[in-house]
Every structure is written in structure tokens, then in C-alpha cells.
Amino acid sequence: SKGSTQLHSLALANIARNTELRLRSVNFFSHTLGATVHPRYTSPTHPRQLGGLWHWVNRNLHDFQGRGHPSPFRVLTPWEEPSDCWCAAASDDKGKAQIGVIMPRAMKPTSITIEHMPSTGTLDIGAAPREFEIWVRRQADIGAPHAYNSHPNCGEPPEAGLVCVGKAAYDINAINHIQNFDLEANEAIGFVDFAIIRVINNWGQDWTCIYRIRLHGEPEPIIAVSSTLGEL
Amino acid sequence: SKGSTQLHSLALANIARNTELRLRSVNFFSHTLGATVHPRYTSPTHPRQLGGLWHWVNRNLHDFQGRGHPSPFRVLTPWEEPSDCWCAAASDDKGKAQIGVIMPRAMKPTSITIEHMPSTGTLDIGAAPREFEIWVRRQADIGAPHAYNSHPNCGEPPEAGLVCVGKAAYDINAINHIQNFDLEANEAIGFVDFAIIRVINNWGQDWTCIYRIRLHGEPEPIIAVSSTLGEL
Amino acid sequence: SKGSTQLHSLALANIARNTELRLRSVNFFSHTLGATVHPRYTSPTHPRQLGGLWHWVNRNLHDFQGRGHPSPFRVLTPWEEPSDCWCAAASDDKGKAQIGVIMPRAMKPTSITIEHMPSTGTLDIGAAPREFEIWVRRQADIGAPHAYNSHPNCGEPPEAGLVCVGKAAYDINAINHIQNFDLEANEAIGFVDFAIIRVINNWGQDWTCIYRIRLHGEPEPIIAVSSTLGEL
Ligand SMILES: [K+]
Ligand SMILES: [K+]
Ligand SMILES: [K+]
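In this report, we go over the structure that sits alongside the text. (Residues numbered from 1 in each chain as written. Chains lettered and ligands numbered in written order. Predicted model: local features only at pLDDT ≥ 70, side-chain atom pairs only at ≥ 80, totals over all residues. Heavy atoms only, no water.)

### Some words on the relation of the copies chain A and chain C
Note on the identical chains: chain A maps onto chain C by a rotation of 120 degrees and an axial translation of 0.0 Å, with an RMSD of 0.0 Å. When the rotation and shift are considered jointly, the pair of chain copies conforms to a three-fold rotation axis. (Least-squares fit on C-alpha atoms with pLDDT ≥ 70 in both.)

### Digging into the coordination of the potassium ion (ligand 2)
All names here are of chain B. Of the protein atoms, only Arg-74 (O), Thr-77 (O), Pro-78 (O), Asp-84 (O) and Tyr-211 (O) coordinate the potassium ion (ligand 2), at distances of 2.7 to 3.2 Å. Sequence positions of the residues that donate to the potassium ion (ligand 2) give the spacing R-x2-T-P-x5-D-x126-Y. Each member of the pair Pro-78 and Asp-84 is classed as buried. (Donors = N, O, S within 2.8 Å, 3.2 Å for Na, K, Ca; no water. Buried < 20%, exposed > 50% of the residue type's maximum accessible area, 1.4 Å probe, protein only.)

### Quick look at the interface of chain C and chain B
On the side of chain B, 32 residues touch chain C, which itself brings 28 residues to the contact. For the pair chain C and chain B, the two sides together bury roughly 2800 Å², of which 58% comes from carbon and sulfur. Applying the counting rule to chain C against chain B returns one salt bridge. Residue Glu-81 of chain B pairs with Arg-212 of chain C through a salt bridge whose shortest N-O separation is 2.9 Å. Counting across the interface, chain C meets chain B through seven residue pairs in polar contact (both at pLDDT 80 or more). Among the elements of the structure, α1 (2-24) and β9 (212-219) of chain C are those that each provide at least two residues to the side of chain C that touches chain B. For the side of chain C that touches chain B, the element with the most residues is α1 of chain C, which contributes nine residues. Taken together, the residues of the side of chain C that touches chain B sort by class into 13 nonpolar, eight polar and seven charged. (Contact = heavy atoms within 4.5 Å. Buried area = accessible area lost by both parts, 1.4 Å probe. Salt bridge = Lys/Arg side-chain N within 4 Å of Asp/Glu carboxyl O. Polar contact = N/O pair within 3.5 Å; in protein donor to acceptor, adjacent residues only side chain to side chain. Helix = DSSP H or I, 4+ residues; strand = E, 2+ residues; numbered from the N terminus. Nonpolar A, V, L, I, M, F, W, Y, C, P; charged D, E, K, R; others polar.)

### Focus on the state of the cysteines
Per the counting criterion, the structure on display carries six disulfides over all chains. Between the sulfur atoms of Cys-154 of chain A and its disulfide mate Cys-164 of chain A the distance is 1.8 Å. Pair noted here: Cys-154 of chain A is in the loop between β4 (131-137) and β5 (163-169) and Cys-164 of chain A is in strand β5, with a separation of ten residues, a long-range link. The exposure classification of Cys-154 of chain A matches that of Cys-164 of chain A, with both residues buried. Between the sulfur atoms of Cys-87 of chain C and its disulfide partner Cys-209 of chain C the distance amounts to 2.1 Å. As the torsion about the S-S bond is roughly 100 degrees, the Cys-87 of chain C-Cys-209 of chain C disulfide counts as right-handed. One end of the pair, Cys-87 of chain C, is in strand β2 (residues 86-88); the other, Cys-209 of chain C, is in strand β8 (residues 208-210), with 122 residues separating them in the sequence. An identical accessibility class is assigned to Cys-87 of chain C and Cys-209 of chain C; each is buried. (Disulfide = S-S within 2.5 Å.)

### Overview of unusual backbone geometry
Unusually for a residue other than glycine, Ser-83 of chain B sits at a positive phi of about 80 degrees. The residue Ser-83 of chain B is located in the loop between α3 (53-61) and β2 (86-88) in this model.

### A few points about the relation of the copies chain C and chain B
Rotating chain C by 120 degrees about the axis while translating it 0.0 Å along that axis superimposes it on chain B, leaving an RMSD of 0.0 Å. Both copies present different contact surfaces, since only 14% of the interface residues of chain C are interface residues in chain B too.

### As for the packing of helix α1 (residues 2-24) of chain A against helix α1 (residues 2-24) of chain B
One can describe the packing of α1 of chain A onto α1 of chain B by two numbers: an axis separation of 9 Å at closest approach and a directional angle of 85 degrees. The angle between the axes of α1 of chain A and α1 of chain B places the two elements in the roughly perpendicular class. Taking contact as the criterion, the partners of His-8, Ala-11, Leu-12, Asn-14 and Ile-15 of chain A in α1 of chain A are, on α1 of chain B, Leu-12, Ala-13, Ile-15, Ala-16, Thr-19, Glu-20 and Arg-24 of chain B. Residue composition of the contact of α1 of chain A with α1 of chain B, grouped by class: seven nonpolar, three polar and two charged. (Axes fitted to C-alpha atoms, helices over the stretch in contact; angles between N-to-C directions. Parallel < 35°, antiparallel > 145°, perpendicular 65-115°, else oblique.)

### Regarding the coordination of the potassium ion (ligand 3)
Each pair of donors in an ideal octahedron of six around a metal sits at 90 or 180 degrees, and each pair in an ideal tetrahedron of four sits at 109.5 degrees. Residues and elements named next belong to chain C. Only Arg-74 (O), Thr-77 (O), Pro-78 (O), Asp-84 (O) and Tyr-211 (O) from the protein coordinate the potassium ion (ligand 3), and they sit 2.7 to 3.2 Å from it. Considered as a linear motif, the donors of the potassium ion (ligand 3) on their single chain read R-x2-T-P-x5-D-x126-Y. Remark: Tyr-211 occurs in the loop between β8 and β9 and Arg-74 occurs in the loop between α3 (53-61) and β2; sequence separation between them is 137 residues. With respect to class, Arg-74 is no different from Tyr-211; both count as buried.

This is how it looks when you write it as C-alpha cells:
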């Protein structure tokens, strides 16, 4: 039928776009590249996701294919199934969910990708993120006075020295469940190796879950990073 | 050439269909949602798949990417390569292969998906399942008298209190190796949280291997399941 | 736009082709089928990839999704992200990178597949393999005198008794990053269960990294392999 052919074309357009983005754009938030989570700037994991002792025993006795304990690190890894995500507890100072990521190499951010299960494939779509802000700085600038003008729509900075490079919203009703957002070019910011993603609100649930976040951009030229490991 | 363009279109049609099914239809047999295997209603693993001591040592010494020991649990997990499956030993009371699955949330089954490697991609296509039956009940009804009329083509029930909601056949010669079968709507059955899949026969091998089974349907409204964990 | 539609079509053509190759062609280098690496014929792992003690501790403390220590075994496994590869140290007698693979079943090789990240998706495309040779023999023939004429473009055999069945080059500028190369039919060679892939040069880096190699062909009829395990 014509309707099914059209659905078909939309599905293939998403598959083409998502595959190209995954394969042809370096993700500086990738665990394989060496990105790690900074616990101090990251929300606590929701107790509901951690489960009780029985849950823990069960998880370690059964064959869980190395998927391990739920932790914010999951935001840096691929996913395949519902629940391959990290669920944060809301807190006063970190919004609905917040994650701080130390990148393995300094870069100039150009776009960010937010991934979530499509709404019909999960029983908990209300936990998807909605509005979020992206804050960046160079690790070495920790505690520095707030040097640049932040993005006008952003709220209070998580800490002095951080700059907001964008605010956007993930849409659970969009055709594609993997959504890429351009970031404002701001030459004054320079190369950064630390970023905080703060989720401001979600789609109705008490907690917020994140499947994956990827950050794309231009790497700092190699001459300046001779002492770091970089990718192999 | 025209032939290759046509092959191309068929391949893309399968990819679109399989991706949509995977992402946009909740699978109540998913290990990540919390589904588990009930050993009492499940065939023993084929000794050939378990291998001997040497095999076991080898599997644990080498880097097996967390794929773990072969077990019926694999029927609830994704697969990527040949042998990412579970092979059952035939038995008198459980057909060629049988698996009992406790679902994490009660649901009304509407369709079932059987996955297997395409025939040209495996050296053991004879082990693919052929005819199979789907039996369901609510966990709480264990041992209850057989309350509803079963599907007319099904054989003897594995136990009193179970209802057959469908019988179908996996076809190794079909264009798509991931096959979805509609189940009979039967309002009298209500919501169920336990299912048995019994494979009646296969494509010629002495043993039967299953790559993945997914069960789709409508979840029981949340009001009745306040005490269960559900998805996070 | 027309440009984006065309990019779109190229992306889908690659996806269709790569999916068909993965699903419908038996890979005799597959770890799940039982293929293993022969250390004696394999280059040492590059020290840069192994990292230091801190790296090792980090890798084992954090959730690395069962990805394990870098080793040549990774050439036999799937990959998804940059760095899901094996990096070899160049050596005098094994070229830029060399791997010996013991296959679980004897076969007549017909084609080989080399996989690598697309050039824009990695920060280290110079480490991709370029020219490579494929040498084969039957395990039982170890040390036998060099019986057949080798492929004319190949260099010195890694050992007596090995036959070169092809030489080709992986192209980082090709449209598809998964590249399949036909091998010369040579009836005199018969069925083989051991292969050496030797990478002669790369795209400019000091070390060479391999994401995955697959070997396709016709399996030896089952009558002759009754004592081996084969696939389950
Ligand atoms: K994830
Ligand atoms: K599986
Ligand atoms: K790999």
C-alpha cells in the first residue's frame, strides 16, 4: 500500500542518517576514545534503577552479557534495547538529570546528539529528556571566573568558569528518535575538554533516563596534545 | 544491473521492517525489561553446545566479550553472529525445544517474532525451528483447571491451566529471516505474565537452535501493577 | 536537496550490501564459529594500545561492557565504535601487521572482507591497512615444502608450505568502509584450515590497526570432518 511504502521511506531515511552520523562523525563522548564521567558534576543514579539486594544478586548470577551495574557511564556507551540507559534522580542543584564528561582530547563543539528509545518501543517514555543545556570549559580552567557571555536562554551556570554553548529540546514525537542539534559557533571559547549536560525538564515522569549523548566537533590540532593518549 | 537493484530493494525492505519492529514494538520477552526463563518448563541445553571441559576452559580464558555460557537465557537476548543462539536437546515431554518465560509485566499477546540466521549464513540451518505453539497463562493461575478453549491446531497442553493462543511455522526459505506472526485475539484470556513456546519440529537436524523470540502485545494498565518494578 | 538525496542513496546501498554480506555469507574467521588466533604467526600488540598500569586498572574498574584487553582476537569479533580494533606493532618478519588464524572447519577460500572505521569517523585513519596478502594451508601440512605456485604479486612466504591466494589493497577513500575482495580460484590448493593475513603497508601511521577481517568460502563436505565440532 502507499501508506506502508511511505512509512518504509521514512524508516530508511532515519536508518541512513543515523548510520552516517554514527560512522562518519567523531564522538568525543565515546567511552572507547577514553571519555569518562566526572562524579562531582553528575546526578545520583535513581534508586529505582539500582534495585535492591535481590536485584543485584540476580544481575550478577544471571548472564547479563557484561552489561554491568547501571551507572552514568551508560550515557557514553551504545544501546540496543529498552533499559540500556541511565536513570538519574532529580536534585536541587543539578536539574532533572546532569552529567559531567571529561573528554580524552580537547575539541571545539559543533553539534550534540541525544538518543532515546522511540516512544512506542518503551513503557516509560515520560522519562525521556526534554529541554537541556550544554556547558563547556577547558579542564585546566576549573574555578576560573566566568569569562565569556553565556547562551542567552541558559539558566545559572553549574559553576564559575563554564560557558553555555547551547540549549535545545529533545522531542519524543519527532520522526527520528536520534536527534542532532547544532551548537552556536563561538570562537572566543576555544578548545574544551570538559562538558556538562544538564536536563531541565522531561516528558512527565518523576525520574529522567538517558540512552546516549554524543558530542561532535573539531579536534584540537595534534601539536598541542602531544602528552595525551588520544585514540589508537 | 536490474537483478542486483531488486536484491537491493528486498534487502532494504527487510532492514526497514526489522528495525521498526525492534525499536517501535515493546518486547515482553526482553531480558532488559526483566523477563527470565523458568527452568521447569524449559528443555535441557544440548550437550553438543555445552562442549567438554576443554571448551569450558577455552571459553573462560579467551576474550568471549561477555557472551557467557550457552543457556536458554540467550533466547531473550540480541544476537549478531552465527552461534549466538541456544540449542535444546529434544525430549519426550517438551517437543524438539521448549522454553518457559516469566514476563516482568502482565500483557495481552498480539504477535510473536522468531529470529534465526539466514540459511546461507550458517552451516547448520537444519537446526532452525519449524512449527511451534504459544501457550500462556497468568502466573497466579498455576495449576488451575484448563479454563478456555485452546487453539484448534495445538497439541496437548504442557500443563493444566495453559491456553494455546497460536500455532505457526518459521520458514527458512522466506525472504526475511526475522518473522512476525499475529496471534488470535481472545478476550476471555485476559492479561498473562507467563508463556511457553514449544517447537514441534525443525528443518532436519537432530537438535534445535533458537536465536531469539520476542512477544509483543498490550501491557496491563499500570493501576493493577503498582507493586511490580516494570521498566526503568 | 538533490545532493543530500544522493548521499542518502549511497549510504543505503552500503547498508544493504554490508548487511547482506554479514548475514548471508559464512565467515570462517568468526570467533563464534570457533576460529582462534595462532600467536606464533601474529604480530605483537602495539604497546600504545596496551597502555600502562593506570590504563589497565581503569579498564578493569570501570564498566567496559566486557570488551576486555586489546588483543589480536579482536580481528575476529564485531565492532561498533572507534578503537574496537587491534593495533599491531610493526616487525621485521611480519610486515606492518600480521595475524594467523586457525579456522574451525576446512574450507576453500573465495573472498576476504576487510573492515575499518570510515576516515571521517576516526582520529587515526593513518593506521588503516593498505596492501595485504592472504596465505593459506592445511594445518596438517605444517612445514611441508612449498607445493604450489604462489600468487605472482606476493612477497616471501611467511613459512614453507604456505600458498598466497591473493593480494589486494584496502582503500580509505572508497565509498564503502567494508571492502570485499575476490580471491583467485585455485583447485590445486584444496581445502585449508589455516590462514595468515599480512599487511604490507598502511596509510601513514607508525602502527597499524585492524577492525575486523572475515574470510568466506566453501566448507569442506561434512563427511571428512566427522571428528571436529563444527558450528552448533
Ligand atoms: K547506553
Ligand atoms: K540471542
Ligand atoms: K573487532
